[in-house]
Amino acid sequence: MNRRPERISFRFSARSRFAACLVATADGALAPGWWDLDGTHPPYAGGPPRYWEGAPAETTATQVLPTEDGGLLRLRSTAGSGRHLLLLSRPAPASATAAGTSLAGPRGPYPAGPGLKDPSPAGPMDPSRAEELVVEARGLRLVPGGPPGTLALAVETAHDGRTRVRRVRSAPLRLSDPVILPGRVTALLPLDGTGRRYATDLEGPDGYRPVSLDLRDGTWHALPSPANGRIHRLLLSAPASGLLLTASDPGDGRLRIARATLGDRPRLGFPERLNSLDGAVLPLAADPAGERVALRVSRGAQARLFLYDVGTDRSRPAALPPGAFHPVAGWSTSGLRVVYAAPDRPADLVTVPDTATHPGPAPYNAPSSSSLGAPSNTPDTAGTSHAATEWFTTPSGRFEAVVLGDRRTAPTVVVALHGGPEDHWTLGHDPVLARLSEAGAAVVAPNQRGSTGYGRTHAEAIHGAWGVPDLADIRSLVRTLTEQRPPDAEPPVLLGISYGGFLALLAVCADPYAWARCAVIAPFLSARGLRERSSPAVRALIDRHGLGEPPDDDLGPRDVERLAHRIRVPLLALHGCDDPVVPVDETRRLRRSLARAGGPQRAPHDCLDIAGAGHHPLQERGGAGLTDRLVSFLTARVPDRRRTPAPPELTVADAAVRHRRSSAVFGHITHDERTPP
């Protein structure tokens, strides 16, 4: 099957004339790719958007950023070392390539070892113009913008929490003109067209507060608090019109989107129609004049794109079907480009119709293989197949799920549990779920209690109770799925990732004979054990949620090591040996627990440590083979794994699990908010 390439880590240049991403090769390696969106860079000036692709030698940790002069910056990092390699590549001059030819370039084989050394470039790159710089820094990230003569800004967070902002310059490649801020910062939003003044959220003793930063002299000052409310977080700026959108409250503590007016008499305006949109609203990009804003409006698993007119306070839906819109977009004179994905369509650049400010070249129709990587035309609402969303009712309420295929008649039904736990499934593209669908399986991806996107009550239901209310939802779901399938159908199978792996293991422990198979990726075995053995960031998440009291039900404490003897289904576990989030020792403990359980009813299990892989082994080099193995395992029907009653000696836990809510009040930041990595 001729599949579209998987692309991640999209970025735009300061004026959105160029875009870049990482694109996966057939074996899971990652190559940098970037577009000249406006056709302004020789040798294709005035022509359709063009695409270049480099050597497949990157990792998911590589940052890519296009520059306004047509170059590409890559920042490679070695985990835990504080050592980075900054690389600058530039396209070859016009004489090096012929117009109208494919620019994707050959795809290897190229050396891609663990070091930072750059292999030979692929495609029409000019090695004589390439530069590199080794940087010793902590928490380094690249930000588009900067004064004239600057390629980008480099933002570093030091061990003491201070932030250093430096300019990235070339010939030679270097970091210069440091500016120091006394705390961590979020995004840098330009306040003028010179690239010298920026607004950002600066962390202080009382949380984040908006400040203005001047790169000319390194000074910064707090943005004044308007009399009619408080600015909580900066969202979007448009220097051409002075537009500054913020997440603010008018004094009642309720967050709304506000238009901030700065100066001697600052004030906040709360546009009525903008704040009446039904869903969670995130501004993505403003047009070059600062008069229109692209908005992502999300409701649960679905998202739509709206175009908002600032002057009239009116919005209209863009001509794109529901799907997933990444929180990055670019709007130049040639039009608005968003990163759009659907269940059957990997993330890619899409040009939104009727958003250009001047007549441009005819739209470029990429071949069906998308080999040139050109920005796609608008997806056809009627012709694009999308997954449905379905609501499932439980004794405690209801939850939404993304459903691919016919769950009532498909030979295999896969229940896929997301990680996080502060996350949720969307109508976006997941390569593993897409592969399962291609293999003939139906997929049900639930957003059970604990998932974000459905309000605080739904998300905070698992605070102090990991594996309690969410497990009850999954147990109710498997009963519903089973009841609505033929009597001789195979039971559903489970797939869980990270936190979802923990939840999947609990599910097969709680109802051993309700499932046919179970596959988990980077799972952990208990919240308490993970807290003891994980990184400070993971411990902070667990502390924010709270461990709570052991649940008062028949299953008892949610510890898979203690419950492993209940597992009666074939099990596949995959875990990267270099996982910085969930230590690989969690899967090794699972392997030992299953071996100790033994017994005649012991099901086969395969717990694999993936050398050199991190938290997402399927997305790294060699991931294609692992994905094949995973899909084959989940879709391989076993004749005797039909509905089997539980033996009397095995207690089946009470489905109506009970838990004690923690008395603490926990806040959380969703993955949509623009916070530093």
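What you see is a predicted model, and the numbers here were worked out from it, not measured in a lab. (Residues numbered from 1 in each chain as written. Predicted model: local features only at pLDDT ≥ 70, side-chain atom pairs only at ≥ 80, totals over all residues. Heavy atoms only, no water.)

Caption draft 1: Up close: the packing of helix α1 (residues 431-438) against helix α9 (residues 623-635). For the pair α1 and α9, the least separation of the axes is 10 Å and the interaxial angle reads 50 degrees. Taken together, the axes of α1 and α9 are oblique relative to one another. In this structure, α1 crosses over α9, and the sense of that crossing is right-handed. Every residue of α9 that contacts α1 at V432, R435 and L436 is listed here: T627, D628, L630, V631, L634 and T635. (Axes fitted to C-alpha atoms, helices over the stretch in contact; angles between N-to-C directions. Helix = DSSP H or I, 4+ residues; strand = E, 2+ residues; numbered from the N terminus. Parallel < 35°, antiparallel > 145°, perpendicular 65-115°, else oblique. Left-handed = near helix turned anticlockwise from the far one by under 90°. Contact = heavy atoms within 4.5 Å.)

Caption draft 2: Up close: the sheet that holds strand β16 (residues 219-222). Reading across from one edge, β13-β14-β15-β16 is the order of the four strands in this open sheet, with antiparallel pairing throughout. Two strands lie at the open edges of the sheet, namely β13 (189-190) and β16, each paired on one side alone. Here strand β14 (residues 197-204) runs beside strand β15 (residues 207-214); their pairing, made up of eight bridges, is antiparallel. Within β15, the position partnered with E203 by the bridge is Y208. (Pairing = 2+ DSSP bridges.)

Caption draft 3: The environment of P321, seen in detail. Relative to the assigned elements, P321 resides in the loop between β24 (314-317) and β25 (324-332). As a C-alpha pair, P321 and Q302 span 19 residues in sequence and 10.0 Å in three-dimensional space.

Caption draft 4: Region of interest: the sheet that holds strand β30 (residues 413-417). Read from one edge of the open sheet, eight strands run β28-β29-β31-β30-β32-β33-β34-β35, paired in mixed fashion. Here the strands that pair on one side only, and so sit at the sheet edges, are β28 (388-394) and β35 (605-610). With direction set aside, neighbouring strand axes in the sheet form an average angle of 20 degrees. Pairing between strand β34 (residues 571-576) and β35: six bridges, direction parallel. By the bridge assignment for β35, L571 is matched with H605. Contacts from helix α4 (residues 499-510) reach β30, β32 (493-497), β33 (518-521) and β34 within the one sheet, and its direction differs from that of β32 by about 150 degrees.

Caption draft 5: Focus on the packing of aromatic side chains. Overall, the coordinates contain eleven aromatic pairs when judged by the stated rule. When the ring of F502 is compared with that of F524, the centres are 4.6 Å apart and the planes differ by 15 degrees; the resulting orientation is stacked. Of this pair, F502 sits in helix α4 while F524 sits in the loop between β33 and α5 (527-533), and the two are 22 residues apart along the sequence. Taken together, W466, Y499, F502 and F524 form an aromatic cluster joined through their ring pairs. Geometry around W391 places R398 over its ring, the cationic atom sitting 4.1 Å from the centre. (Phe/Tyr/Trp six-rings, centres within 6.5 Å; stacked < 30°, edge-to-face > 60°. Lys NZ or Arg CZ within 6 Å of the ring centre and 35° of its normal.)

Caption draft 6: Structural context of α4. Counted at 1.5 Å a residue, the expected span for α4 with its twelve residues is 16 Å, and the 17 Å between its end C-alpha atoms agrees. Most of α4 is tucked away: twelve of the twelve residues are buried. Those residues of α4 that fall on the buried side of the exposure criterion are Y499, G500, G501, F502, L503, A504, L505, L506, A507, V508, C509 and A510. (Expected span 1.5 Å × (residues − 1). Buried < 20%, exposed > 50% of the residue type's maximum accessible area, 1.4 Å probe, protein only.)

Caption draft 7: Molecular detail of the pairing of strand β2 (residues 18-24). β2 sits mainly inside the fold: seven of its seven residues count as buried. Residues F18, A20, L22 and A24 of β2 are buried on one face, and the alternating residues A19, C21 and V23, pointing to the opposite face, are buried as well. Note that strand β1 (residues 7-12) and β2 share four bridges and pair antiparallel. Residue pairing across strands places F12 opposite A19, the latter belonging to β2. Taking the residues that link successive antiparallel strands as the turn, the β1-β2 hairpin has five residues, and the phi of S16 there is positive, at about 65 degrees. As judged from the seven bridges shared by β2 and strand β3 (residues 30-36), these two strands associate in the antiparallel manner. Note that in β3 the partner of V23 across the bridge is A31. As consecutive antiparallel partners, β2 and β3 are separated by five residues, and within that stretch G28 has a phi angle of approximately 95 degrees, a positive value.

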